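Descriptive analysis of the structure
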Amino acid sequence: MQLRLYNSLTRAKESFQPVQAGQVGLYTCGPTVYNYAHIGNLRTYIFEDVLKRTLSYHGYEVKHVMNITDVGHLTGDRDMGDDKLEEGARREGKTAWEIAAYYTAAFRRDMERLNLLEPSIWCKATDTIPEQIELIRTLEDKGYTYRTRDGIYFDTARFPGYTRLSHQNIEALQEGARVEINPEKRSATDFALWKFSPADVQRQMEWASPWGVGFPGWHIECSAMSMKYLGDQLDIHCGGTDHIDVHHTNEIAQSEAATGRPFFNFWMHGAFLIIAGGKKMAKSEGNFLTLHNAFIEKGIDPLAYRYATFQTHYRKPMEYSPEAMAGAVNGFQHLRNQVRTLKEAAGDRQGQINDRLRQKFMGEIGDDLNMPRALAVMQELLKSQLVAEDRLATVFDFDQVLGLDLNRVDKTDALPAAIEQMVAERIQARQERDFGRSDELRDAIEAKGYVVQDTPEGMKVFKP
Ligand SMILES: [Zn+2]
């Protein structure tokens, strides 16, 4: 069945064709490991996971590369500010290497909790310094670079298609960048390929290079690693929409300048999460919600967040509020209850996947990952007249893409409706940080003979 994906390069939905029949090279920009990922970042990783599962569901073998940015990503835009890793090290009194290891582990835990499939290849920026240096040398040989006092820069004026992805107006951009602090840059859009270690500060992460001791710019790592690990299979490159104007634009410019060939055929971007009231979620904004403080602490299963993100198309901004989240928690619980009831009805009978609904589901996810409509097909299936075991077999088939772990719904952990009601109220109370009410509800549930546990996977209620 045809798979159509929205390509940010052409701004249109296109029929997807990989470079090599049956195989897909997928590169997703990974985290900068200086802090926890916020739930807006995680929304993008969920979208990428659904993309990967959709490709597999459509029969493709997917080679997925994800990088870990552990050096070179600066706190300011356009090559200004401090390295985020060195800043994190000062903030926490650890080494930059310890910071990277700690937050990489935290990110991988978040991935597990959201049921995100592991990439085929993980790669770290600090493990590919020679490849990055080599790529910069190629650009230098071809005349795309120039030297300033603080580093080696890419001369964007020499690359005619610079705004092909961002569709930005370059004059407006130059105009808007008058506050640019580095007067040695020839153009506001030029960017650092290699930065020199400052003379007065000892950096923790630095390497020798043909241009002097220093560290790579952020953008060059993704070009070097995608080409190293995917070779010619440059099919799909993903990230958040915030990567379009600078990071991905610069990746395309330096890669195509170096190789003289197109760099990735499809570019796909996940939209922002917006806090109710219109604020963008960002580490710098003080509205920093993590899987832990937004959900786990409140007894919410992180998979309920995965489910919540399916209710908005990945290219549309998603509005987050505790109320909307409580609705998604209820919806997810309801879905799990429906599956539990089916399991009881099906007993040990093995069912058949319903082909008509499978085709319909495949059509919806294959239409640029339309998850709201895919969830509607799931409801159509659950409410259909098919025998329970066929419905169940089809649910599990859909769950290969949804990744909601529906096969782990145990038929023995069904709760009476009155208890379910109290559980829902307790989740609501914790959302509202009404811990007095939350404790009351726990006592009430326990008085009925159940155990209540708050775990990293959410609130667990069961018969002892
Ligand atoms: Zn990247």
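Before going further, it helps to examine the coordination of the zinc ion. The coordination sphere of the zinc ion contains the protein donors Cys-29 (SG), Cys-222 (SG) and His-247 (NE2), at a distance range of 2.1 Å. In primary sequence terms, the donor set of the zinc ion follows C-x192-C-x24-H. Note that Cys-29 is positioned in the loop between strand E3 (23-28) and helix H1 (39-57) and Cys-222 in helix H6 (residues 218-230), a separation of 193 residues in sequence. The exposure classification of Cys-29 matches that of Cys-222, with both residues buried.

A pair can form between side chains of opposite charge whenever their charged atoms are brought close. Under the counting rule described, the total for this entry stands at 29 salt bridges. Measuring nitrogen to oxygen at the nearest pair gives 3.7 Å for the salt bridge that ties Lys-94 to Glu-92. A relative accessible area of 31% means that Lys-94 is categorised as partly exposed. Glu-92 gets classed as partly exposed once you look at its relative accessible area, which sits at 27%. Arg-164 is the salt-bridge partner of Glu-256, the closest N and O atoms lying 3.0 Å from each other. Residue Glu-256 is found in helix H7 (residues 244-259), and its partner Arg-164 is found in the loop between strand E7 (151-154) and helix H5 (170-176); the two are separated by 92 residues along the sequence.

All right, on to helix H9 (residues 302-309) then. Because an α-helix completes one turn every 3.6 residues, residues spaced three or four positions apart along the sequence face the same direction. Across the eight residues of H9, eight count as buried, placing the element largely inside the fold. Buried within H9 we find Pro-302, Leu-303, Ala-304, Tyr-305, Arg-306, Tyr-307, Ala-308 and Thr-309. Between the side-chain oxygen at the start of H9 and the backbone nitrogen of Leu-303 there is a gap of 2.9 Å, and the oxygen is on Asp-301.

To continue, consider the packing of aromatic side chains. A complete count under the given rule lists 20 aromatic pairs for this structure. Centroid distance Phe-263 to Phe-264: 4.9 Å. Interplanar angle 80°. Geometry classified as edge-to-face. Aromatic pair Tyr-307 and Phe-332: ring centres 5.6 Å apart, planes at 35°, arrangement tilted. In this pair, Tyr-307 is assigned in helix H9 and Phe-332 in helix H10 (residues 322-346), connecting sequence segments 25 residues apart. An identical accessibility class is assigned to Tyr-307 and Phe-332; each is buried.

Right, let's get into the packing of H9 against H10. The interhelical angle for the contact between H9 and H10, taken along N-to-C directions, is 100°, at an axis separation of 9 Å. One finds that H9 runs roughly perpendicular with respect to H10. Facing Leu-303, Ala-304, Tyr-305, Tyr-307 and Ala-308 of H9, the residues of H10 in contact are Met-325, Ala-328, Val-329, Gly-331, Phe-332 and Leu-335. Among the residues forming the contact of H9 with H10, the class breakdown is ten nonpolar, one polar and no charged.

Between its first and last C-alpha atoms helix H13 (residues 388-402) spans 20 Å; for 15 residues at 1.5 Å apiece the expected length is 21 Å, and the two agree. Counting buried residues along H13, 13 of its 15 residues qualify, which places the element largely inside the surrounding structure. Note on H13: the residue one or two positions beyond its end, Gly-403, has a positive phi of about 65°.

Take unusual backbone geometry next. The phi dihedral of Asn-115 is positive, around 60°, even though this residue is not glycine. Considering the arrangement of structural elements, one finds Asn-115 in the loop between helix H3 (96-113) and strand E5 (121-124). Backbone geometry places His-167, a non-glycine residue, at a positive phi of 55°. Its place among the elements puts His-167 in the loop between E7 and H5. A residue is classified by how much of its surface remains accessible, and His-167, at 36% relative accessible area, is partly exposed.

Relative to the helices and strands, Pro-18 is located in the loop between strand E2 (12-15) and E3. Pro-18 gets classed as buried once you look at its relative accessible area, which sits at 15%. Separated by 215 residues in sequence, Pro-18 and Gln-233 place their C-alpha atoms 7.8 Å apart. Setting aside residues up to four positions removed in sequence, Pro-18 forms contacts with Gln-23, Val-24, Tyr-60 and Asp-235.

Strand order across the open sheet formed by four strands is E6-E7-E8-E9, with antiparallel pairing between neighbours. In this open sheet, the two edge strands, each paired with only one partner strand, are strand E6 (145-147) and strand E9 (214-216). Averaged over all neighbouring strand pairs, the angle between strand axes comes to 25°, with direction disregarded. Two strands pair when backbone bridges link them, and E6 and E7 are joined in this way by three bridges, in the antiparallel orientation. Within E7, the position partnered with Tyr-146 by the bridge is Tyr-153.

As enumerated under the stated definition, the model contains two cavities of 30 Å³ or more in all. Taken as a whole, the largest cavity holds about 130 Å³ of empty space. In this structure, the largest cavity is lined by 14 residues; those nearest its centre are Phe-47, Thr-309, Thr-312, Tyr-314 and Met-371. With five residues, H1 is the largest single contributor of residues to the lining of the largest cavity. The residue inventory of the lining of the largest cavity, partitioned by class, reads eight nonpolar, five polar and one charged. Taken as a whole, the second largest cavity encloses approximately 70 Å³ of empty space. Elements with a minimum of two residues in the lining of the second largest cavity: H1 and strand E4 (61-68). For the lining of the second largest cavity, the element with the highest residue contribution is H1, accounting for four residues. Its residues assigned to classes, the lining of the second largest cavity comprises five nonpolar, two polar and three charged.

The next point concerns the state of the cysteines. In this structure the tally under the stated criterion is zero disulfides. Take Cys-238: it sits in no disulfide, and the sulfur closest to it among the cysteines is that of Cys-29, at 8.7 Å. Judged by its relative accessible area of 0%, Cys-238 falls in the buried class.

Rules behind the numbers
- Residues numbered from 1 in each chain as written.
- Predicted model: local features only at pLDDT ≥ 70, side-chain atom pairs only at ≥ 80, totals over all residues.
- Heavy atoms only, no water.
- Donors = N, O, S within 2.8 Å, 3.2 Å for Na, K, Ca; no water.
- Helix = DSSP H or I, 4+ residues; strand = E, 2+ residues; numbered from the N terminus.
- Buried < 20%, exposed > 50% of the residue type's maximum accessible area, 1.4 Å probe, protein only.
- Salt bridge = Lys/Arg side-chain N within 4 Å of Asp/Glu carboxyl O.
- Polar contact = N/O pair within 3.5 Å; in protein donor to acceptor, adjacent residues only side chain to side chain.
- Phe/Tyr/Trp six-rings, centres within 6.5 Å; stacked < 30°, edge-to-face > 60°.
- Axes fitted to C-alpha atoms, helices over the stretch in contact; angles between N-to-C directions.
- Parallel < 35°, antiparallel > 145°, perpendicular 65-115°, else oblique.
- Contact = heavy atoms within 4.5 Å.
- Nonpolar A, V, L, I, M, F, W, Y, C, P; charged D, E, K, R; others polar.
- Expected span 1.5 Å × (residues − 1).
- Pairing = 2+ DSSP bridges.
- 1 Å grid on protein atoms, 1.4 Å probe; cavity = no way out; pocket = protein on both sides within 12 Å on 5 of 7 lines; lining within 4 Å.
- Points joined across faces, edges and corners; volume = space filled by probe spheres on them.
- Disulfide = S-S within 2.5 Å.

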